[in-house]
Each structure stands twice: as structure tokens, then as C-alpha cells.
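Architecture and fold: a report
Residue strings, one per chain:
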Amino acid sequence: MCGIVAYVGTKSCAPLLVEGLRRLEYRGYDSAGLAVHGGNGIEIIRAVGKLANLDAALAKNPLAGTVGIGHTRWATHGRPSEVNAHPHAAGSVAVVHNGIIENHVELRKELQGRGVVFASDTDTEIVAHLVDEKLRKGAKSLEEAVRQSLTHLRGAFAIAVVWKDAPDEIVVAKQDSPLVVGIGDGETFAASDIPALLAHTRDVLFLQDGEMGVLRKGGFTLTTFDGTPVTRATKRIDWSPTQAEKGGYKHFMLKEIHEQPRAVEDTLRGRIDLERGDVLASEIGITPETAQSLGRVYFVACGTSAHAAMTARYWVEQIARVPAVVEIGSEVRYRDPVFLPNDLVIAVSQSGETLDTLAAVKAAKAQGARVLAVANVLDSAIPRAANGALYTHAGPEIGVASTKCFTTQLTALLLVAVYLGRQRGTLSADGGRRILEALWHAPGLMRTALDEEAALKAVAKKHLRARDMLFLGRGPNFPIALEGALKLKEISYIHAEGYAAGEMKHGPIALIDEEMPVVVLCPKDSHYEKTLSNMQEVRAREGQVIAVGTVGDHELAEYAAKGGVDVISIPAAEPEILPLLTVLPLQLLSYFMADGKGTDVDQPRNLAKTVTVE
Ligand code: AGP
């Protein structure tokens, strides 16, 4: 998730662009840069690290001009470095981009075949070369060159392009990444998000997928990619800058909960081959021979990431038929564990910096095991220490309680399980296709599951006085129960425990009375009947049940009609996808309970987003 800003007007644009980028800092950044058209040509300045570094570079070498584009980068392709920072230039064109170009490998090869030499490892530089090529081959305008280039791109992108020979205009385009245009008085802006514009204008126009346009001093012309003119009225925004950063949501956590369908789409982008029922992820870096000779998959992770790993253990065993274990990082490092050369160690970490997980990775590597990192932050310590890395592409997560990083970890780990299954021959092409098609449709189902928000808010209100809560689930929904309990503890400070539903009678059932809310995960899966009996055991002891069940489940509805059970529905789905859905109501429930209690949801007491201490 990067941040784009663009300006065409009469003011000196460099300070204005940097200020806009500062307003997009919440989107995460590891480097930043500007390209400014000074009338005679385009000058580019880029700097790694904080925006202050870009400020310092500009102080040394001020950029004069009233037309420019700027970018804060949160790396997805190519490590954070000055060379990989945007804008990227080719010939007399400069480009900033937010998103992921899915077919970047193939386009890079094609361009190299035509003699193009790349300066960076990014997917974005491809766009600059394509536009430059079109202009050299006779495109009549920058708009036309961009339009022609778009026909080659697959994936998600919001781009802004400047060209030396068009000193008064910037061309922008959008597909699956946000882009908003701001209309001022004699000046026009574009940005990834509203906060970058609010200091200058509150009249904005949101581009839709498949639309592009030209920013000029006097206004903005909008068309579809194929050139059909579009007329759209501007909207007036009255949010404060802080409200705008949260997209109108009260907290970043709630915003991130709602971002999950999009985040999962980004994790899947370019990694699914439905025709072959296989996963395209060379970055996993495991040959068929290595996959076939695997003795064990050994997951290491902490907290929420460990719950993702625990869920993935079911998939790896069922789909790839390899024994799998999960250990929390802090235990591995002091346990003198035995790793074997044919172990695949999978380290799961949002931040990629968690010290305990990193120490486990180092121990595993020291004993000759191969390590795959599943991480969100590019080029962080754990992926760097591993042999391969599969990034989740969730974008920066600001709320301390992990939500979108969890569901994207699940997605990435299910891809790994399918990949291993296909490589080991334990999963047929048809079997792979069934799971991948289900994954492909998961974001839509997640959107439907999130529609239960109002119902969850009401349920949360009912239980605000609860001092303890239990979460029960079976199979892959057992780790989801653990995750639900962790979320609730973290942000509402209510004591909560997750249990395997079948384990309840071995102890925790003693806790149940009319004061105890019990969340039961009972979607229609192979564990359904058994979990339903566990729910009845809770009701028999007067426990208050919050059941997460499949829409249209009459048996559950009949049971709920007797009282004491609130039912929250999720859509029906293939079994592998269910954890991506059942966790959503639990996140929302925790959120509304915490918000109802008035806690600091985004920065709960005593917690840090990245835990780099023991
Ligand atoms: C999740 O809500 C937590 N804040 C925490 O458990 C977190 O998942 C854990 O610290 C691991 O972090 P990582 O994924 O960055 O390694």
C-alpha cells in the first residue's frame, strides 16, 4: 500500500506534494520521492526512510515547477532502497504507482527482449517503459500513450504519469487501487486518499475501476480506458483530516477489518492458476524434489500469527499429507529443538521482526533446515533470514490488534498447502482447482459476512458487563476460537479463553453459568453435529451462546428460537475457506465490546505492534 499525490497548478508544487505525502504516511512508507516538471524537463528526487530524508534532499536540491507527482512507497516488489523508490523514469516519462502489476515478470521479459534495461526491481518501472515506448512509437499524446500501455497491464494499479513534452498535464489511471481527484481554483490534484487533499480542496471526484483522466490547471477530464468520456459530479467532503485517514471509520482497527476482502484479493493477485489447479509462487522457492522429500512442516510464530499457523497445520496435513507441528517462537528458542534437514520451517509474522520468531528461524537454519517466511513487511528481518519469502501484501496494519494480517496469512498459508500438495502429488489438478476457486471467491463471501456488523454490535452491547468469555471451535475453527479469545482480551481487557470444543467437558465446562457468554463456531462442516452438541451442553448449564453458523441453518435457528442463543450468520463455503469467514464476526464482536467499554482500541494498554524484545 503506497501513497500517490499529483498536482497541476500555479504554485510551487514540491512543498505541497511533500505535505500531501505526509498526510498519507499512515499507509506506511519506507521511501519517498517526487518528480517535478520545471518547464524544460522533469527532475526526480528520491530518498529512503522517513519523509524528513526527502525534505533534506529537497533542501539541498530544491525542485522548481508547478506540475509534479509524489509517492511514499511501502515495498511489495523489490527491497526498500533509493533505486526502487518512486517515481520511476524511462526516457522522458516519470511514473508513480500504487498496487501490484500481476503480469510484471512476463512484461519485464518482453521489454528486455526489446532492449530495455531496467534500473530497479520494481513492477512499476515496467509502466514507465511501456509509456515511453508508446510515445517513441508515435502516440499522439501522453493520454494516448498511457491508454495504450494500460492494455498490457494486469493487476491492481493507480498511476500518475508526467512527460517532458506535456508540461501542463498529468495522466492518471485506476484499476483496483484507490485514486481520488481534487478540484481546486485553478489547480487540480490527485491522491491515493482524501487526507492528502483536504488542506487544498474539499471537492473531490472518485475514479472508478477502468477509468483514467488528465489533470490540468483548469480542471480534469475523465474517460474510461477505452476512451469513452465520463461525466461525474464532484462530492464535498466534510471529514476532519484525522477522520479522513481512518476512511470515516472510528478506529483503524474497524477500517482494517473492512479492508480484509481487498487485502485477501491482493494476497491472491497473480498467484493462482485456475486452469492447472495450481499456485504460481516461485518465491516459495521449493522444488518438486524438495517438496517430495519433506519429512515435516514445522511452523513457528507468535500470537495471532501462531493462530494462523495452527489453522494451516490442518491444511498442510490434509492437502499435502506432510506431518506438521506448530510451536510458538518464545518456546522454540529455549527448548533446544531438533530440526532435521528435510524439515520445512515456516515462520509466520506480520511485522517480520518478532524477536522470538526470528531466533527460532536462526536456530532452524543453524541446524540445516530450510526456512520459508510468510510475512507482511517486505525485506524485514525474518524474510531476510529465511531461504524464501511469501509476502501477504496486506498493506500496513496500524491497529495493534491484528485483523487483515491474520486473514491474509491464512490465505498465503492455504496457497502454500496447495502448492505443496500439487508438488507432492497428493492433490489432483481438480482438487487444487476446487480449493483455489473457493479462495478466489472468498473476498466476496467475506464482504457478505461483514454485513453482520449491526447484529454483532447489538450482541456486543448485550454482553458488555461480561467478565469472562469462552470461545469454542473444532478442527480448523479451534485456532479461530483461540484467535477470537485473543482479540477480545487484547482490546476489551475481558478475560477470554479459546478451547477445542471437544475439550470443554475436560474442565472448562465447570465455568459455565448464566453469566458466561460462550461463542460457539458451528458452521456447516464435518464437525457440525458434534459442535452443536457442545453448544447444547453450554445451554443446559444456562450459558449465553453466541453461535456463528451458516446462513439458512434451520436446525440452529430452531434451537436459537428456544432462547439464550444469538445466531450470527456467515455464508456457506468450501471447508478450507471457513476460517477466513468465521474469524470476521469474532473480530467485530471484540471491536464492539472494546468500543462499548471505551478502551483505546487501536493502541490497547501494555501492547506494542512489533515485539522486538524477549
Ligand atoms: C495480534 O493481535 C497481536 N498484537 C500479536 O499477538 C501479534 O500477532 C504477535 O506479536 C506476532 O507478531 P508478528 O506477526 O508481527 O510476528
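Keep in mind that what you see is a predicted model, and the values were worked out from it rather than measured.

Calculation criteria
Residues numbered from 1 in each chain as written. Predicted model: local features only at pLDDT ≥ 70, side-chain atom pairs only at ≥ 80, totals over all residues. Heavy atoms only, no water. Domains from an automatic or database assignment. Contact = heavy atoms within 4.5 Å. Buried area = accessible area lost by both parts, 1.4 Å probe. Phe/Tyr/Trp six-rings, centres within 6.5 Å; stacked < 30°, edge-to-face > 60°. Helix = DSSP H or I, 4+ residues; strand = E, 2+ residues; numbered from the N terminus. Lys NZ or Arg CZ within 6 Å of the ring centre and 35° of its normal. Buried < 20%, exposed > 50% of the residue type's maximum accessible area, 1.4 Å probe, protein only. Core = buried A, V, L, I, M, F, W, Y, C linked by side-chain atoms within 4.5 Å. Pairing = 2+ DSSP bridges. Axes fitted to C-alpha atoms, helices over the stretch in contact; angles between N-to-C directions.

The next subject is the domain arrangement of the protein. Accessible area lost when the parts come together is the quantity often used to give the size of an interface. You can read the domains of the protein as domain 1 (2–245), domain 2 (254–446) and domain 3 (451–597). Of note, the centres of domain 1 and domain 2, computed from C-alpha atoms alone, are 33 Å apart. Across the boundary between the two partners, domain 1 contributes 17 residues, which contact 13 residues of domain 2. Summed over both partners, the interface of domain 1 with domain 2 comes to about 1300 Å²; 62% of that surface belongs to carbon and sulfur atoms.

With the rule as written, the count across this model stands at five aromatic pairs. On the basis of an interplanar angle of 55° and a centroid distance of 4.7 Å, the ring pair of tyrosine 298 and phenylalanine 339 is categorised as tilted. Of this pair, tyrosine 298 sits in strand 18 (residues 296–301) while phenylalanine 339 sits in the loop between helix 11 (329–332) and strand 20 (343–349), placing them 41 residues apart in sequence. Stacked on the ring of phenylalanine 118, the Lys or Arg arginine 108 has its end atom at 4.2 Å from the ring centre. The aromatic ring of tyrosine 493 is capped on one face by arginine 605, whose charged end is 3.8 Å from the ring centroid.

This part is about the environment of alanine 233. Secondary-structure assignment places alanine 233 in the loop between strand 14 (229–230) and strand 15 (235–236). Overall, the relative accessible area of 61% leaves alanine 233 in the exposed class. Each C-alpha atom, one on alanine 233 and one on aspartate 203, is 9.4 Å from the other, the two residues being 30 residues apart in sequence.

Turning next to the nonpolar core. In terms of nonpolar packing, the biggest core is built from 88 residues, with Val297, Phe299, Ile346 and Leu420 touching the most fellow members. Among the elements that make up this core, the one with the highest residue count is helix 20 (residues 578–597) (12 residues). Formed jointly, this core draws a minimum of three residues from each of two domains, domain 2 (254–446) and domain 3 (451–597). Not counting chain neighbours up to four residues away, the residues in contact with valine 297 comprise Val316, Val322, Pro323, Ala324, Val325, Leu344, Ile346 and Leu420.

Moving on to the sheet that holds strand 14. Strand order in the open sheet made by the seven strands is 5-6-7-8-12-13-14, with antiparallel pairing throughout. A strand with exactly one partner marks an edge of an open sheet, and here the two such strands are strand 5 (88–90) and strand 14. Sheet topology note: the strand 13 (residues 219–224)/strand 14 ladder contains two bridges and is antiparallel. By the bridge assignment, threonine 223 is partnered in strand 14 with proline 229. Relative to strand 6 (residues 93–101), helix 4 (residues 124–136) is tilted by about 135°, and along the sheet it contacts strand 5, strand 6 and strand 7 (155–163).

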